Amino acid sequence: MVMFEAQGVRQETMRRDVYPRHGMMAAANHDELAAQKYFLGLRAYANGRLMAQAVEACNDQIVPQMGERDPENGKDRAEVLRKAEQLPIFQNWGALLRASQELMWDYVADTVDRQLDELEDKFRSIENPAGSLTLHPQLPNPEYLALVDQHIQPGGYLHDAGGEDVRAGAIYDRGAVLYGLGRAGGLNDMRGHTLCAFIQDAFGEMKPKRILDLGCGVGHGTLALTDLFPEAEVHAIDIGGAMLRYAHARAESLGKPVHFHQQDARRTLFDNESFDMVTSEILFHESSRTAMPAILKEARRVLKPGGAMCNLEVPLRYKGMDMGSVVVRDWQNYYNAEPFWGSLGTVDLEKAMADAGFKRIVKGFQPRTNNFAGERGRLTRQDPSGGMLSHWLVFGGHKE
Ligand SMILES: C[S@@+](CC[C@H](N)C(=O)[O-])C[C@H]1O[C@@H](n2cnc3c(N)ncnc32)[C@H](O)[C@@H]1O
C-alpha cells in the first residue's frame, strides 16, 4: 500500500481509526478499506506536494503581474484566482482534489449503504436512553445551508428521509475519519478535546450546570464536553434530522447522556437565560455572513448572566497570508462547496462578539489535542503553524 504511506497521513491514528470505535460507525470490509486507504494517499498527495506547487506557481507567476493586491479583499482575490486557474499545475491540483473528494464520498457511501438497515435497527432499538432526541421535522432549513451540499457530501447535512433515517450522520462520521487524514481523533473528537482545552485555559473557573452545543452535527465535539463537565446537563442542536438520529444513537452506544434537538441556532426554542455555557465547533465557517451575528446574539439571549460562549473554528485568517495560499483556499470554497470560509477568514471576530453584547472577549489559537486532560499545549495569541491545523482558532466571551 505505497499510496497509504504518503506524507501527511497520520499512520498510527489512521490504522486504528478506520475501524469502528462505537456502535454506530459503519465498518469497512477488506475491499472498502483498501479503497479508502487509496483515497488517503491520493488526498495527501493532492493537498500536500501538489497544492504547495500550485501556491508557489501562483505567487511566482501571477501575483507579480497583478500589482498591489489585498488578500482580505474579495474582488482582488477573485481576479488573482481567475488568472491562477489558467496555470497547468493549478488545474492538475484542483482536478485531483475534486476527483479525490468525489471518490471519498463514493467509498464512504458504499460502506454505509451496505449496512444501513443494521444502523437503522440500532437507532430503532435504543432502550432506556441516558439522553434524548427531540425532532421538529417541519423546521425550515436555513437557506444558506440548503444552497449547496457541503464538502459535496451527497445530500449535504440536510437530507432526511424521515422514519429511522440515519444516513447523513453515518456518512458524515465515517467521512470525517478519512477527510481528517487520520488526524481527527479516535472518536473524531480531536476538535472537541481542543475546545475543552480552550475552556480550561480561558474559562477554567466556570462550572456550568447546563450547556448548549450549537451545530453539533453527529456530536463529535459534544461528547468531549460531557467528559469535561460530567455533572452538567448537556443539550445539543442541529438542523439535520438524519444527522441527529445518528448523533443520538452514537451517544447512547457510548453511554453519553446528551439531549439532542432539531433547532435553528439563529432562533432556538430555549428560554432566555437558561444555559450557563454555549459552545460551537466549526459551525461559523459554514454559516453565512448574516447568520453569524444572529447566532451570536441568540447564544447571548439563552445564556444566564455570568455565563460564557466558547467556540472553536478553522484556523485560517486571510490577513497576513500570502495571496497564493488564500487563492487555493478560495478555489476550494467554491469547488468543495464550503462557500463561507472566506467570510470567516476575513471577519473581525472580537468585534462580532462585542457587537452581540459579549464582554471580556478572548481570542487565540489552541494547540490540537486528543486529550484535554492529558499533557497538552496552551492557548497562544498567534497561530505558529500558519493555518496548518496544528492549532485551532478559538474565541469566546462572557455575558455580564
Ligand atoms: C461542520 S459541521 C460541524 C459539526 C460538529 N460541530 C463537529 O464538530 O463535527 C456544521 C454543522 O452546523 C450545522 N448548522 C449550520 N447552521 C446551523 C443552524 N443555523 N442551526 C443549527 N445547526 C446549524 C450543520 O447542519 C452542520 O451539522
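What you see is a predicted model, and the numbers here were worked out from it, not measured in a lab. Sequence order as written defines the numbering, with residues in each chain counted from 1. At least 70 in pLDDT is required for a residue's local features to be given in this predicted model, at least 80 for side-chain atom pairs to be given and counted, and no such filter applies to totals for whole chains, interfaces and linings, which use all residues.

Student: Quick question: what am I supposed to make of the environment of Leu-42 here?
Tutor: Mapped onto the fold, Leu-42 is located in helix α2 (residues 30-62). Each C-alpha atom of the pair Leu-42 and Leu-103 lies 10.0 Å from the other, and the pair is 61 residues apart in sequence. Working definition: helices are DSSP H or I runs of at least four residues, strands are E runs of at least two. Numbering for both runs from the N terminus.

Student: Explain helix α11 (residues 291-302) here, please?
Tutor: Expected helix span is given by 1.5 Å per residue-to-residue step, counting one fewer step than there are residues. End to end, α11 covers 17 Å across 12 residues, agreeing with the expected 16 Å (1.5 Å per residue, within 8%). Labels follow a simple rule on C-beta atoms placed from the backbone: if 20 or more others lie within 10 Å of a residue's own, it is buried; if 12 or fewer, it is exposed; otherwise it is partly exposed. Along α11, the positions that sit buried rather than exposed are Ala-291, Met-292, Ile-295, Leu-296, Glu-298, Ala-299 and Val-302. Angularly, the buried residues of α11 cover 165° about the axis, an arc narrow enough to put them on a single face. Contact between two residues is assigned when their C-beta atoms, built from the backbone, lie within 7 Å. Structurally, α11 contributes buried residues whose contacts are with α6 (143-146), β2 (210-214), β5 (275-281), β6 (303-313) and α14 (349-355). As used here, the arc belongs to the directions running from the helix axis to the C-beta atoms.

Student: Would you mind showing me how to read the nonpolar core here?
Tutor: Nonpolar side chains tend to gather and get buried jointly when the protein is soluble and globular. Core analysis: the biggest nonpolar cluster contains 107 residues, and Met-243, Tyr-246, Val-278 and Val-327 have the highest contact counts within it. Ranked by residue count, the leading element in this core is α2, at 10 residues. Residue ranges labeled as domains rest on an automatic or database domain assignment. Lining this core are residues from two domains, each supplying at least three of them: domain 1 (3-131 + 142-179) and domain 2 (190-398). As used throughout, a nonpolar core is a set of buried Ala, Val, Leu, Ile, Met, Phe, Trp, Tyr and Cys residues joined through C-beta atoms within 7 Å of each other.

Student: Help me understand unusual backbone geometry in this model?
Tutor: Keep in mind that most residues, glycine aside, have a negative phi and that most peptide bonds are trans. The residue Ile-152 is not glycine, and still its phi comes out positive at about 55°. The backbone of Arg-360 shows a phi angle near 45°, a positive value even though the residue is not glycine. Looking at the element boundaries, Arg-360 is found in strand β7 (residues 359-367). For Arg-360, a count of 13 C-beta atoms within 10 Å corresponds to the partly exposed category.

Student: Sorry, what's going on with the confidence of the model for the protein chain here?
Tutor: Any region with low pLDDT has predicted coordinates that should not be read closely. Note: pLDDT gives the predictor's confidence per residue, expressed from 0 to 100. In the predicted model, the protein chain carries a mean pLDDT of 91, and the fraction of residues at 70 or more is 94%. Note that pLDDT drops below 50 for residues 1-9; the model gives that stretch 22 contacts with residues more than four away or on any other chain.

Student: Mind showing me how you'd approach the pairing of β5 here?
Tutor: Regular strands have side chains that alternate between both faces of the sheet. In terms of burial, β5 is a largely internal element, 7 of the 7 residues being buried. The criterion for strand pairing is that DSSP finds at least two bridges linking the strands in question. Note: β2 against β5, 4 bridges, orientation parallel. Bridge pairing in β5 places Leu-212 opposite Val-278. Of the pairings in the sheet, the one linking β5 to β6 comprises 6 bridges and is parallel in character. Each residue of the ladder has a partner; that of Met-277, found in β6, is Ala-308. Handedness of a crossover: with both strands directed away from the viewer, a clockwise path from the first strand across the helix to the second marks it as right-handed. Following the chain from β5 across α11 to the adjacent parallel β6, one finds a crossover that is right-handed.

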